[in-house]
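# Fold and contact review
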Amino acid sequence: MLSIAIGLALGVLLTVLAVPALKYEVTEHANLLTRVLAYGFLLVPVAVVTVLKSPFPITHTTGLVAGATVVLATTAQTYTGTPMPYVWLAAATLFGCAAARIMKNERAMP
């Protein structure tokens with residue numbers, strides 16, 4: 001439950017960064033930085049660090065990504081018209097986090 005609350009808080013932070021960037025995106029004045037902020041790509045490094053450092057990686061990472069995705073998708077839908085970029089980002093993030101955790105577990109085993 002705490003991980004979902006942290007995910008919602010992270011989603012609010014990412015949304016605060018994304019909304020001004022989405023305004024540039026809509027007016028076709030976007031650059032790489034505004035696209036990274038607008039589409040919530042900062043969620044990926046936070047999720048990877050969470051999955052690698054957490055004592056409960058699946059629960060914490062899933063809650064974090066789900067909470068942040070809900071906030072980002074519902075807020076940005078007014079600019080993008082669809083929540084799908086954020087849903088795909090969440091799916092790709094969880095897939096990448098699973099791969100990172102598998103690699104960490106394989107290195108830990110003798």
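Shown above is the structure to which this text applies.
Residues numbered from 1 in each chain as written. Predicted model: local features only at pLDDT ≥ 70, side-chain atom pairs only at ≥ 80, totals over all residues. Heavy atoms only, no water.

When helices and strands are counted, the protein chain shows five helices and zero strands. Going from the N terminus to the C terminus, the protein chain shows its helices and strands as α-α-α-α-α. In terms of its C-alpha atoms, the protein chain occupies a principal-axis envelope of roughly 55 × 30 × 20 Å. By the burial criterion, 35% of the 110 residues in the protein chain qualify as buried. For the protein chain, the proportion of contacts with a sequence separation of at least 24, taken over those separated by at least 6, is 68%. Only carbon and sulfur atoms are counted for the fraction: they give 75% of the accessible area of the protein chain, which is about 6700 Å². (Helix = DSSP H or I, 4+ residues; strand = E, 2+ residues; numbered from the N terminus. Buried < 20%, exposed > 50% of the residue type's maximum accessible area, 1.4 Å probe, protein only. Contact = heavy atoms within 4.5 Å. Areas by Shrake-Rupley, 256 points an atom, 1.4 Å probe, with all protein chains shown as cover.)

The subject of this paragraph is helix 1 (residues 2-26). In an α-helix, one full turn covers 3.6 residues, which means residues spaced three or four apart are oriented alike. Its 25 residues give helix 1 an end-to-end C-alpha distance of 34 Å, which sits within 8% of 36 Å, the value for a rise of 1.5 Å per residue. Of all bends in helix 1, the biggest is about 30 degrees, found at A18, and the proline P20 comes one to four residues later. Taken together, the buried positions of helix 1 are occupied by S3, G7, L10, G11, L14, T15, A18, V19, A21, L22 and E25. Residues of helix 1 that are buried in the fold lie against helix 2 (32-38), helix 3 (43-53), helix 4 (57-80) and helix 5 (84-108). The first or second residue beyond helix 1 is E28, which carries a positive phi of 65 degrees. (Expected span 1.5 Å × (residues − 1). Bend = angle between axes of the 7 residues up to and from the residue.)

A cluster of nonpolar side chains, M1, I4, L8 and V70, forms an exposed patch at the surface whose accessible area comes to about 420 Å². Note on placement: M1 falls in the segment before helix 1. (Patch = residues over 30% accessible without salt bridge, like charges linked within 9 Å, V, L, I, M, F, W, Y side chains within 5 Å. Salt bridge = Lys/Arg side-chain N within 4 Å of Asp/Glu carboxyl O.)

Turning to the environment of A30, a few remarks are in order. Note that A30 resides in the loop between helix 1 and helix 2. Sequence spacing of A30 and G40 is 10 residues, and the spatial spacing of their C-alpha atoms is 14 Å. Discounting chain neighbours no more than four positions away, the residues touching A30 are Y24, E25 and R35.

Moving on, we get to the packing of helix 4 against helix 5. In helix packing, the relevant descriptors are the interaxial angle and the interaxial distance, both defined with respect to the helix axes. At a minimum axis distance of 8 Å, the contact between helix 4 and helix 5 shows a crossing angle of 160 degrees. Taken together, the axes of helix 4 and helix 5 are roughly antiparallel relative to one another. Crossing handedness for the pair helix 4 and helix 5: right-handed. Facing helix 4, whose interface residues are P57, T61, T62, V65, T69, L72, A73, A76 and T80, helix 5 presents Y86, V87, A90, T93, L94, C97 and R101. Of the residues assigned to the contact of helix 4 with helix 5, the class counts are 10 nonpolar, five polar and one charged. (Axes fitted to C-alpha atoms, helices over the stretch in contact; angles between N-to-C directions. Parallel < 35°, antiparallel > 145°, perpendicular 65-115°, else oblique. Left-handed = near helix turned anticlockwise from the far one by under 90°. Nonpolar A, V, L, I, M, F, W, Y, C, P; charged D, E, K, R; others polar.)

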